[in-house]
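Each chain, letter by letter, is given below.
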Amino acid sequence: MKKKLNILFVISEADPYIKVGGLGDIGGTLPIALKSLKTRNNTDYEIDVRVILPYHDQIKDKHVPTEWITNFRLMTNRGFKDVYLSRIVNSEVPIYLIDGNLIRNTKIYTDNPYRDLEKFAFFSIASLEVCKQLNWQPDILHSHDWHTALSVKSLRQRRARDTFFKKTRSLYTVHNLPYSGGNYPEILETYGIRPAFDSHIFSEMRTLPMAVALEASDAISTVSRTYAEEITTPEFGNLYENYLLANKQKITGIVNGIMMDQWNPATDTIIAQTYDENSLDDRIKNKLSMQEEFNLAVDPRMPLFAMVGRMSQQKGIDLCLDALRRMGELPWQAIILGTGEREIENNARSLANELSDRVRVEIRYDGVLARKLYAAGDMFLMPSRYEPCGIAQMISMLYGCIPIARATGGLKDTIIDASKKPKAYTGFLFDKANTWEAENAMRRALNEYQDQEAWRNLQLRAMNQDFSWEKQAWEYVKLYEKLLAQNKIKQVRIK
Ligand code: GLC
């Protein structure tokens, strides 16, 4: 048997063309993983996945080679808007770029929610129209986060009257629930988008793009099983918990995969010394070289904490900074890399001043240094207040840098805690987002580090894991198929 699936993948970021955070990793890898799926249960698959991105100025600045496809006009309630469609040349899956006045002369995300919504509303509505221009009928619209939320509602409204989209089902993936998009009903009106109406959604929230897509989608997914559960509770639900709890059957959690060949310390050309499970002793050279580069005491047995990530409330960096302050009596060093909110940056900087003999802080985004830290660090700190999935913990494990993380979202799903499985654990988890629990987990790790053999076994277990996309990508296919099967049931009922 052969099955063909057309997937329209609408997203704001796709690495290596454009990336701000983890969303870009997914946009850059999941479509490729889907396309490369071939056979399951004696069925051959042909998955035609096409990505649509806004032609952000930052993509233009990179001079990515593109070819022009067509221009067309979008009819809105406030006149026509011109859309310019092009395509990236030689990408692994087709990547289309939507351009127009509202996409230009602005950053990827700004601190002006009105401007951002104008841009992403235009992008989302134009995305569906692109399918018509290409005369390519999608089976599934797979939309991601608030930026593309209005495409989901637009589909829902159109398919009642437009046979082209009659059979298209939508999956809306939530990567970060608190980012809801701006609340500007007039922008929705411009495109004839109706607000959400479900009584489980507070009336003031019904014009938020996030709310509109949660309700209008045929299915919702999140990027880990635990996060799928968490968002139905007040702590993580961001006031959507009533709706999400009442519609639990609509939600699936699928943990993100990574491209394993891109994150392999045996072949990594950036790190000072490559290594694998059989040459784990070589790993130490990476630590020594970092200690030297950062002018820290060069000492192979000195535990080195690494912390890499956006400095936002979400990431909980402050919890570990305070914990480090309280662990002054123990020997350790820390290198912290990241950028974000001013207050957190300053907090990190002052820790580096207070403990200038052992803490280094680099305020920037630096993919090269991040890799070196995965290879050099003994322990990786990820104290997130919430973490829908997270990727850094998976990479750090593959590099033998043991994660110390909060037991939330994807962190809980990908790290096995020492107290839970004494023979199989891969890291140290703590439950509550407070400094005491963070400190406790860090102390447990430092203690464990003293036992060199146990630590080595821990590293080997962490490095030996399989976080590849293939299995997870099939989970998406199963979900797509479930949605399309509902289609058939509906048709039978109508007959
Ligand atoms: C968001 C989430 C992160 C997740 C990523 C990709 O950035 O904060 O946890 O890994 O999306 O799904």
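The structure presented is a predicted model; accordingly, all values stated were derived computationally and were not measured.

Moving on: the site of the ligand. The environment of the ligand is made up of Gly-22, Leu-23, Ile-26, His-175, Asn-176, Val-223, Asn-256, Gln-314, Glu-387, Pro-388, Cys-389 and Gly-390. Interatomic distance of 3.4 Å between a backbone N/O atom of Pro-388 and an oxygen atom of the ligand. Isolated, the ligand exposes 310 Å² of accessible area, and the fraction of that covered by the protein chains is 94%. Partitioned by chemical class, the residues of the shell around the ligand number 5 nonpolar, 6 polar and 1 charged. Mapped onto the domain boundaries, the shell around the ligand takes at least three residues apiece from domain 1 (2-257 + 470-494) and domain 2 (260-466).

The assigned domain composition of the chain is domain 1 (2-257 + 470-494) and domain 2 (260-466). For domain 1 and domain 2, the distance between their C-alpha centroids amounts to 33 Å. Every contact between the two is made by 16 residues of domain 1 and, on the other side, 16 residues of domain 2. Contact between domain 1 and domain 2 buries roughly 1,200 Å² in total, counting both sides, with carbon and sulfur atoms accounting for 55%. Between the two partners, domain 1 and domain 2, sit 1 salt bridge. Here Glu-235 ties to Arg-406 by a salt bridge, and the two come within 3.5 Å at their closest N and O atoms. At the boundary of domain 1 and domain 2, one finds 8 residue pairs in polar contact (both at pLDDT 80 or more). Here the side of domain 1 that touches domain 2 takes 4 residues from helix α7 (residues 225-230), the largest share from any one element.

Parameters at a glance
- Residues numbered from 1 in each chain as written.
- Predicted model: local features only at pLDDT ≥ 70, side-chain atom pairs only at ≥ 80, totals over all residues.
- Heavy atoms only, no water.
- Near = heavy atom within 4 Å.
- Polar contact = N/O pair within 3.5 Å; in protein donor to acceptor, adjacent residues only side chain to side chain.
- Areas by Shrake-Rupley, 256 points an atom, 1.4 Å probe, with all protein chains shown as cover.
- Nonpolar A, V, L, I, M, F, W, Y, C, P; charged D, E, K, R; others polar.
- Domains from an automatic or database assignment.
- Contact = heavy atoms within 4.5 Å.
- Buried area = accessible area lost by both parts, 1.4 Å probe.
- Salt bridge = Lys/Arg side-chain N within 4 Å of Asp/Glu carboxyl O.
- Helix = DSSP H or I, 4+ residues; strand = E, 2+ residues; numbered from the N terminus.

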